[in-house]
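Structural overview for review
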Amino acid sequence: MRIILCGDFRQTEIQTVAREVNRLLSRQGAETCYAVPYSLRRTTDRVLPKGAKWRTLKSVLGCAEMMISIGTPDLLVRTAGMAMLKKAPFLGISTGERHALATLDASALPELKQLAEGHYTVEQCMALMVSVCREGEMVFCRHAVCDAVFAKRWVPHVLHVTVRADEKVLWNLSGDGLIVASPLGSAGYSLVAGGPIVDHTAESIAVTPICSHDLCTKPIILDAGRKVSVLQKENREVPMRLIVDGTVSFPLQKKDQVIIQASEYCLSKVRMEHTLFF
């Protein structure tokens, strides 16, 4: 089995965890390769074990049987998106706060022996496709593993948007923002904002308002076949931005229509035996 070990190896903690992961997998006969999600010019050989093979993540992901990403939630989300587009099985190891994308945390590394023994499953997790239409032209398109967030660009303002499912109006929302999440993303920002946790293998879309001014506006779960659209109300425009997976920010203009629907891609998430998502 060829396994890519990915992380920001400039950080001492990530180096330590990666070395231990490499040691455990090598003993089980797995072939490992170190990969970094940034330019090679920003890394030196001193941060990796002597003689280790390493490349940029983009150059090796296509031929990997599995990717193990080690790091913080931000890095896990970023690398999971890359693995999803290449249809590579993804296993996340968190070194900070626990995240829905993390199969293990750094204290449970001995469980990796199950990989070589075949005691694991690969589960398909639905993702989202987020696009922005401006005057009939698509100006932005991105696949989201976790969520799309509508946020104010200026704090002392209120967002006023119309949220539709297909052609039916769900809400005329006034509040601090809106989160549209995949089942994996439902355990992140959406949960903090009061949304439900959705089983990560379900096919659904969670729509969660952020601090709505209307007490009757509550989180809702839609079927994955629905198409969610968000449009600012006329004459109530407030500078707004669209944030995809917490890593990509896109400024929205007046009359921009944002469409969110199920992506054609799914994340192949590795789950060890006896581990649960919840």
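The sections below set out a description of the structure shown in this document. Keep in mind it's a predicted model, so treat the numbers as computed, not measured.

1. Section: the packing of aromatic side chains
- Per the stated rule, a full pass over the model turns up two aromatic pairs.
- Ring geometry for F9 versus Y34: centroids 5.5 Å apart, planes at 75°, classification edge-to-face. Of this pair, F9 sits in the loop between strand 1 (2-7) and helix 1 (12-27) while Y34 sits in strand 2 (residues 31-36), placing them 25 residues apart in sequence. No difference in accessibility class separates F9 from Y34, as the two residues are buried.

2. Examining the pairing of strand 8 (residues 137-144)
- Note: strand 7 (residues 120-134) against strand 8, seven bridges, orientation antiparallel. Looking across to strand 8, one finds that V130 is bridged to R142.
- Linking two consecutive strands that pair antiparallel, namely strand 7 and strand 8, is a turn of two residues; a positive phi of about 55° is found at E135 within it.

3. Comments concerning the sheet that holds strand 12 (residues 177-181)
- Overall, antiparallel pairing links the six strands, which are arranged 14-13-12-9-16-17 in an open sheet. At either margin of the open sheet sits one strand with a lone partner, and together these are strand 14 (220-223) and strand 17 (248-252). The mean angle between the axes of side-by-side strands here comes to 20°, regardless of whether they run parallel or antiparallel.

Parameters at a glance
Residues numbered from 1 in each chain as written. Predicted model: local features only at pLDDT ≥ 70, side-chain atom pairs only at ≥ 80, totals over all residues. Heavy atoms only, no water. Phe/Tyr/Trp six-rings, centres within 6.5 Å; stacked < 30°, edge-to-face > 60°. Helix = DSSP H or I, 4+ residues; strand = E, 2+ residues; numbered from the N terminus. Buried < 20%, exposed > 50% of the residue type's maximum accessible area, 1.4 Å probe, protein only. Pairing = 2+ DSSP bridges. Axes fitted to C-alpha atoms, helices over the stretch in contact; angles between N-to-C directions.

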